[in-house]
2 protein chains.
Amino acid sequence: MRDVAVIGIGMTKWGELWEKSLRTIFTETALLAIDDAGVDHIDSMVIGCMSSGLFTGQEHLASLLADYLGHGPVPAVRVESACSSGGAALRQGFIEVASGVSDVVLVGGVEKMTDVSGHEATYALGTAADQEYEGFHGITFPGLYALMAAAHMHKYGTTREQLALVAVKNHHNGSFNPLAQYPFEVSVNAVLNSVLVADPLRILDCSPITDGAAAVILCPVEMAKKMNKPLVKIIGSGQATDTIALSSRQDITWLESTYLAAKKAYAMADKKPQDINFFEVHDCFTIAEIMVMEALGIVEKGQGGKAVQQGLTALEGKYPVNPSGGLKAKGHPVGATGVAQAVEVVKQLRGDAGKRQLKGARLGMTQNMGGTGGSTVCHIFEGR
Amino acid sequence: MRDVAVIGIGMTKWGELWEKSLRTIFTETALLAIDDAGVDHIDSMVIGCMSSGLFTGQEHLASLLADYLGHGPVPAVRVESACSSGGAALRQGFIEVASGVSDVVLVGGVEKMTDVSGHEATYALGTAADQEYEGFHGITFPGLYALMAAAHMHKYGTTREQLALVAVKNHHNGSFNPLAQYPFEVSVNAVLNSVLVADPLRILDCSPITDGAAAVILCPVEMAKKMNKPLVKIIGSGQATDTIALSSRQDITWLESTYLAAKKAYAMADKKPQDINFFEVHDCFTIAEIMVMEALGIVEKGQGGKAVQQGLTALEGKYPVNPSGGLKAKGHPVGATGVAQAVEVVKQLRGDAGKRQLKGARLGMTQNMGGTGGSTVCHIFEGR
């Protein structure tokens, strides 16, 4: 296997982009990444997208995007793993470069979610759960995470305020990210008094519905060294699945797929959780970030809520989590999220993160999750 | 890169499987492949599926299928490239084994198409075209291929009877395939007098709407040699894209993505078209097989119709095409088709193809196409 580097990143402003179609959003973003990499061609494209079929009535997505990007006839394929589609695309691109099949691979993630009604969007997102055993009975995604939150509060004493503090932290970080959908601060009181979605989760516990894309350019490390670029390597990649339905799990307060995917990524990188300087994780709901920190091994089981309260994961904490603002403030165009996490990690490792720049960060990790943890993809990046 | 072998294949009866859900169809098929390979574990799963979202309201498909197959927590990812989703999944699995990331990879393809109305199925299939520039104006998939057929007839003098002869040949082959959806003969007269769908294409020029799955198990050749199995190697893999909309093409009688994907596969395998003993190709409509033969280099441009008439591609011809019965007779569960082509090639190379067995076949090739040729994936297999 060849060593793999990230030599280009691209991201545009996320939000409700009613004036732009899926292809436009992707193309603008991908061109930024190609420009940043300074390459004059790409060998292949891998696109993460959860449900362009249900959101926009368009499948055959990778071919369409290769065509509109002006890079057809390169091989192009779409990868789907619900909300971890972007991370899964990054992994396929990583494998393709590592294998020697392709040298320069564009990995993109994209989702156009606001062209349908709220009801249709909720339905489309629900297809990440088990439709026959969960969706059929009427439960929505916030409903499933509400069950996990309630169980975590009951089992470990996690408090409503601790959940709110995740949103407060991520909106604080996001206020320094001009590309975020909601780049503003929220207070604990605002979260606690926001509209109830699925008890105990309120609207400010939930990541938003977003249009957006993100892209990275991968190539072999040997090739990257010859280009005059700050070198960021992917030194670990891990992926795992879990039961898709919550009802099949032994313990709905534990994210086994995240634990296993991280374990594989740590093993490939030959690192421990404590070696990693910062994390971009899948905070689709506030409770998710708390559970992810536990599964990644940053804190002990059940201690995620306390850790947030103590500032461990703040921008200036020992293990900053979601310096970008996370899904919560940055937005969550589901197929793009996993790639955007990589974009943030590379920005931090290059020292290009502006007002949210972490000092001395050399190792960053991404954790991108599908459904209620039915799938997870983790990557570890090394800078300098 | 490591050399890659196919050590297990699985396929079940295709048709309108109203009594089985998507997960059941896939699981039964995958278990056959695992059993055939004689492996006690798999390292990873890659699933080809075009539109489980629109056909069954289920995304996050690979996680679901890993779970129901009882092989979670292995990494599992879905790959989408419209009707070439299966071929694209095979290529990702090939790359994953070649890279060294995984040893034993299950590549599956599946589609459950009959749980929706005919109108909804036509809509879902139409998402393989450019929805903004083609679908929006009301054209369907048969309509797009009808344009290609009319142009080919006009430019090269291809006749209505030659189109019919593709269906006659493939149904003849399919009559020897007990797993085919329509394992019976049709006559030229039957095709010519069948219901008009989109002039000049009639219903017996069209592949059917099908529920079905197919699966193969891949591993490194070195590992396969240690198992007491007939050795089938994948010696070539090529993928390419073309403009997604017909209106963007210079010449709608030419399949550039097939030409380019095949060229790459031939180059990797160090073979010429004339070296290949037989082909499994994407005959979604009769005109498609004629155009594919030309793009693969089996015949000159414009000579596809005559070649069928002369028996070149018959079971006993010089270059048999679609010994399985093709999409036309075997059925076309879109995401499964590309994997099922590999299943047939391996059966032929093992000498296990029953009444349709080709004598002395040592090299077989698959060509799997998305949309109107917006994407193509080709593989070359070597037996013995």
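Every chain is numbered independently, its residues counted from 1 as its sequence is written. Lettering of chains starts at A and numbering of ligands starts at 1, both following the order in which they are written. In keeping with the predicted nature of the model, local features appear solely for residues at pLDDT of at least 70, side-chain atom pairs appear and are counted solely at 80 or more, and the whole-chain, interface and lining totals rest on all residues. The basis for the side-chain values is all heavy atoms of the structure; hydrogens and waters are excluded.

Quick notes on the overall build of chain A
Think of it this way: any DSSP run of H or I at least four residues long counts as a helix, any run of E at least two long counts as a strand, and we number them from the N terminus. Helix and strand counts for chain A stand at 14 helices and eleven strands. Within these notes, the globule rule equals 2.2 Å times the number of residues to the 0.38 power, and the radius of gyration is based on C-alpha atoms. Taking 21 Å as the expected radius of gyration for a compact globule of 384 residues, we find that chain A reaches 19 Å, a close match to that expectation. Taken over the C-alpha atoms alone, chain A extends approximately 55 × 45 × 35 Å along its principal axes. Should any heavy atoms of two residues lie within 4.5 Å, those residues are considered in contact. Taking all contacts inside chain A whose residues are at least 6 apart in sequence as the whole, residues at least 24 apart take part in 77%.

A closer look at the interface of chain A and chain B
Listed by partner, the interface residues are 57 residues for chain A and 57 residues for chain B. Carbon and sulfur atoms supply 52% of the area buried between chain A and chain B, which totals about 4,500 Å² over both sides. For salt bridges, the criterion is a side-chain nitrogen of Lys or Arg within 4 Å of an Asp or Glu carboxyl oxygen. Remark: the boundary between chain A and chain B carries six salt bridges. Here Glu80(B) and Arg78(A) are joined by a salt bridge, their closest N and O atoms 3.1 Å apart. Of all the secondary structure elements, the ones that give two or more residues to the side of chain A that touches chain B are helix H2 (52-56), helix H3 (61-69), strand S3 (76-80), helix H4 (85-99), strand S8 (232-241) and helix H10 (256-269) of chain A. Defined in terms of a 1.4 Å probe, buried area is the accessible area two parts forfeit on being brought together, summed over both.

Focus: the environment of Ala190(B)
All names here are of chain B. Of note, alanine 190 is situated in helix H8 (residues 188-192). Since its relative accessible area comes to 31%, alanine 190 is described here as partly exposed. Note: C-alpha distance between alanine 190 and lysine 112 (78 residues apart in sequence) is 28 Å. In this scheme, a residue with accessible area under 20% of its type's maximum is buried, one over 50% is exposed, and one in between is partly exposed, where area comes from a 1.4 Å probe on protein chains only.

Notes on the layout of surface pockets
Roughly 680 Å³ of internal volume is contained in the largest pocket. Space inside and on the surface of the protein is sampled on a 1 Å grid over the protein atoms alone, with a cavity defined as a set of points where a 1.4 Å probe fits but cannot get out and a pocket as an open set with protein on both sides within 12 Å along at least 5 of 7 lines; lining residues have an atom within 4 Å of a point. What lines the largest pocket is a set of 32 residues, among which Leu125(B), Cys206(B), Ser207(B), Pro208(B) and Ile209(B) lie closest to the centre. If you list the elements that add at least two residues to the lining of the largest pocket, you get helix H5 (118-126) and helix H6 (141-156) of chain B. At four residues, H5(B) tops the list of elements feeding residues into the lining of the largest pocket. Ten residue types, Ala, Val, Leu, Ile, Met, Phe, Trp, Tyr, Cys and Pro, are classed as nonpolar, four, Asp, Glu, Lys and Arg, as charged, and the remainder, Gly among them, as polar. Its residues assigned to classes, the lining of the largest pocket shows 20 nonpolar, ten polar and two charged. How far each domain reaches was decided by an automatic or database domain assignment. In terms of domain composition, the lining of the largest pocket takes at least three residues from each of domain 1 (4-117 + 210-225) and domain 2 (129-208 + 235-382) of chain B. Grid points are joined across faces, edges and corners, and a volume is the space filled by probe spheres set on the points. Taken as a whole, the second largest pocket holds about 540 Å³ of empty space. Surrounding the second largest pocket, 26 residues form its lining, Pro142(A), Cys206(A), Ser207(A), Ile209(A) and Phe285(A) being those nearest its centre. Of all elements in the fold, only helix H5 (118-126) and helix H6 (141-156) of chain A reach the threshold of two or more residues within the lining of the second largest pocket. Of the residues belonging to the lining of the second largest pocket, the class tally is 18 nonpolar, seven polar and one charged.

Description of the pattern of salt bridges
Under the definition given, this model contains 36 salt bridges over all chains. In this structure, the salt-bridge partner of Glu132(A) is Arg23(B), at a minimum N-O distance of 3.7 Å. Within this pair, whereas Glu132(A) is found in the loop between H5 and H6, its partner Arg23(B) is found in helix H1 (residues 22-37), the two belonging to separate chains.

Looking at unusual backbone geometry
The linkage connecting Gly72(A) with the following residue, Pro73(A), adopts the cis geometry, with an omega of 10 degrees. One non-glycine residue, Asp270(A), lies in the positive phi region at around 55 degrees. A positive phi angle, near 55 degrees, is found at His60(B), a position not held by glycine. Within the element layout of this structure, His60(B) appears in the loop between helix H2 (52-56) and helix H3 (61-69).

Here's the deal with the side chain of Gln181(A)
Residues and elements named next belong to chain A. In this fold, glutamine 181 is placed in the loop between helix H7 (160-174) and helix H8 (188-192). Using a relative accessible area of 9% as the deciding quantity, one classes glutamine 181 as buried. Pairs of N or O atoms within 3.5 Å make up the polar contacts considered here, provided that, within protein, one atom can donate a hydrogen while the other can accept it, and that residues adjacent in sequence are counted only when both atoms are side-chain atoms. Engagement of the side chain of glutamine 181 in a polar contact is seen with the backbone oxygen of isoleucine 209, the distance being 3.3 Å. Those residues within four positions of glutamine 181 in sequence are excluded, and the remaining contacts are Trp14, Gly15, Glu16, Pro208, Ile209, Thr210, Ala329, Lys330 and Gly331.

Here's the deal with the packing of aromatic side chains
What counts as a ring pair is set by centres within 6.5 Å for rings of Phe, Tyr and Trp (its six-membered ring), and what kind of pair is set by the plane angle: stacked under 30 degrees, edge-to-face over 60, tilted for all other angles. Scanning all chains against the criterion turns up twelve aromatic pairs over all chains. On the numbers, 6.5 Å between centres and 25 degrees between planes, the contact of Tyr133(A) with Tyr68(B) is stacked. Of this pair, Tyr133(A) sits in the loop between H5 and H6 while Tyr68(B) sits in helix H3, on two different chains. Ring-pair connections join several aromatic residues into one group, and the members of that group are Phe141(A), Tyr145(A) and Phe285(A). Placement of a charge over a ring requires the Lys NZ or Arg CZ to be within 6 Å of the ring centre, with the centre-to-atom vector within 35 degrees of the ring normal. Positioned above the aromatic ring of Tyr68(B), the side-chain terminus of Arg23(B) is 4.4 Å from the ring centre. Lying over the aromatic face of Trp254(B), Lys301(B) brings its terminal NZ or CZ to 4.6 Å of the ring centre.

Some remarks on the domain arrangement of chain A
Residues and elements named next belong to chain A. Assigned domains within chain A: domain 1 (4-117 + 210-225) and domain 2 (129-208 + 235-382). The partner domain 2 presents 36 residues to the 39 residues of domain 1 that form the contact. Between domain 1 and domain 2, a total of about 2,700 Å² is buried, with carbon and sulfur atoms accounting for 66% of that surface. When the buried area of domain 1 at its contact with domain 2 is split by residue, Trp14, Cys83 and Arg91 rank highest and sum to 23% of it. Put simply, domain 1 and domain 2 have one salt bridge between them. Across the domain 1-domain 2 interface, the total number found is 15 residue pairs in polar contact (both at pLDDT 80 or more). Elements with a contribution of two residues or more to the side of domain 1 that touches domain 2: strand S1 (4-11), H4, strand S4 (105-111) and strand S7 (212-220).

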